[in-house]
Amino acid sequence: MNAIFITGTDTGIGKTTVSIVLLKKLNQLGYRTFALKPIASGCSLDRNGCWVNDDAIALQAAASLWRPYEIVNPIALKEPVAPHLAAKLMGETLSAIEVSNIINAAIQSEADINLIEGVGGWSVPLNHRELFSEVIAGLKIPVILVVGIKLGCLNHAILTYHHIVRMKVPFLGWIANCMDSNVLMREENIETLKHWITAPCLGVIPFGLTHIQETSVLNLDFISDYFQLFP
Ligand SMILES: Nc1ncnc2c1ncn2[C@@H]1O[C@H](COP(=O)(O)OP(=O)(O)OP(=O)(O)O)[C@@H](O)[C@H]1O
Ligand SMILES: [Mg+2]
């Protein structure tokens, strides 16, 4: 399956923002894209009485292939807390096999690239025994790590990178997201990560980049080569 999993160094560090820039760039290059957020916590009721999440709506709008909401976000959880806790509040439980089946069913064979946004960071639990990342490892979906450039990100990024590699999940590269306007020594932090992460840096997203702005900040040659895509 032509899929990419977008994980991040934490929650709220720019997975959705970067995913949208990535989708726009892939669309501009002429690829057919589909995007999904298999699990979202932090949902509100829409006018039809269905739980919907802002990230999933944004991904649905940014992908070139449109599919109904329940395909984009099959597990929509109300409270903005860890997914297993949000599920518990709704009287539900999550399991790796269920999430794996859901991803398999949602992936669009028509798409050149299916972009899957994770929830939280890489080691987010599904329950007391299973991590979301184990589903991604089982499906062998290559990963892009979004690093929110802020104080503490070196530790988070290096830990996450090592864990992904140890789980033998293909690691496509990482993207620096300058989401903190006050960070000190931003360039030096990014340079440090280039030494510690021996996979390519696919781009640096500047502070304040909005979804509609230009996408030249990303270099996706490596992704095109990996998936053998020819627009
Ligand atoms: N490069 C940036 N410049 C300015 N603000 C940014 C940037 N990247 C992200 N943000 C802002 O930071 C917030 C979190 O970003 P985003 O929603 O993309 O993170 P996320 O990792 O997808 O979060 P979640 O864990 O909830 O899915 C948003 O308000 C977003 O607009
Ligand atoms: Mg998000």
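See the structure above.
To keep things clear, this report deals only with the structure shown in the data block.

Moving on, we come to the overall build of the chain. Helices and strands together make up the secondary structure of the chain, namely nine helices and 10 strands. Taking 2.2 N^0.38 as the reference for a compact globule, 231 residues should give roughly 17 Å; the C-alpha atoms of the chain span a radius of gyration of 17 Å, in line with that estimate. Within the chain, buried positions represent 42% of all 231 residues. In the chain, once contacts between residues fewer than 6 apart in sequence are set aside, the share between residues at least 24 apart is 76%.

Let's shift gears to the site of ligand 1. Among the 17 residues in the neighbourhood of ligand 1, the closest are listed as T11, G14, K15, T16 and T17. Among the elements that make up the shell around ligand 1, the one with the highest residue count is helix α1 (residues 15-28) (three residues). Taken together, the residues that form the shell around ligand 1 break down as six nonpolar, nine polar and two charged.

Taken in spatial order, the six strands line up as β2-β7-β1-β8-β9-β10 in an open sheet, and their pairing is parallel. The sheet is open, and its two borders are formed by β2 (33-36) and β10 (201-205), each paired with just one other strand. In this sheet, neighbouring strand axes are inclined to one another by 20° on average, regardless of whether the strands run parallel or antiparallel. Pairing of strand β8 (residues 143-148) with strand β9 (residues 171-177) involves six bridges; the strand directions are parallel. Within β9, the residue paired with V146 across the bridge is I175.

Here we come to the pairing of β2. Burial of β2 is two-sided: the residues T33 and A35 facing one way and the residues F34 and L36 facing the other way are all buried. Judged from the four bridges that link them, β2 and strand β7 (residues 113-117) form a sheet pairing that is parallel. When the bridges of β7 are listed, F34 appears paired with N114.

Here we come to helix α2 (residues 54-62). Along an α-helix, a turn takes 3.6 residues, which lines up residues three or four apart on a common side. Of all the positions in α2, only D55, A56, L59, Q60 and A62 are classed as buried. Taken together, the buried residues of α2 touch α1, β2, β3 (39-41), β5 (51-52), α3 (69-72) and β7.

Viewed as axis vectors pointing N to C, helix α7 (residues 153-166) and helix α8 (residues 186-196) meet at an angle of 20°, and their least axial separation amounts to 11 Å. On the basis of the axis angle, α7 is roughly parallel to α8. Relative to α8, α7 is oriented so that their crossing is right-handed. Between α7 and α8, the residues in contact are C153, L154, A157 and I158 and N189, T192, L193 and W196, respectively. When its residues are assigned to classes, the contact of α7 with α8 shows six nonpolar, two polar and no charged.

Right, let's talk about α1 for a bit. Relative to the 20 Å expected for 14 residues at 1.5 Å per residue, α1 spans 20 Å between its end C-alpha atoms, a close match to the ideal helical length. Along α1, 11 of the 14 residues are buried, which leaves the element largely enclosed by surrounding structure. For α1, every residue scored as buried is listed here: K15, T16, V18, S19, I20, V21, L22, L23, K24, K25 and L26. Two residues or fewer past α1, G30 is found with a positive phi of approximately 95°.

Calculation criteria
Residues numbered from 1 in each chain as written. Chains lettered and ligands numbered in written order. Predicted model: local features only at pLDDT ≥ 70, side-chain atom pairs only at ≥ 80, totals over all residues. Helix = DSSP H or I, 4+ residues; strand = E, 2+ residues; numbered from the N terminus. Rg over C-alpha atoms; globule rule 2.2 N^0.38 Å. Buried ≥ 20, exposed ≤ 12 C-beta atoms within 10 Å, placed from the backbone. Contact = placed C-beta atoms within 7 Å. Near = placed C-beta within 6 Å. Nonpolar A, V, L, I, M, F, W, Y, C, P; charged D, E, K, R; others polar. Pairing = 2+ DSSP bridges. Axes fitted to C-alpha atoms, helices over the stretch in contact; angles between N-to-C directions. Parallel < 35°, antiparallel > 145°, perpendicular 65-115°, else oblique. Left-handed = near helix turned anticlockwise from the far one by under 90°. Expected span 1.5 Å × (residues − 1).

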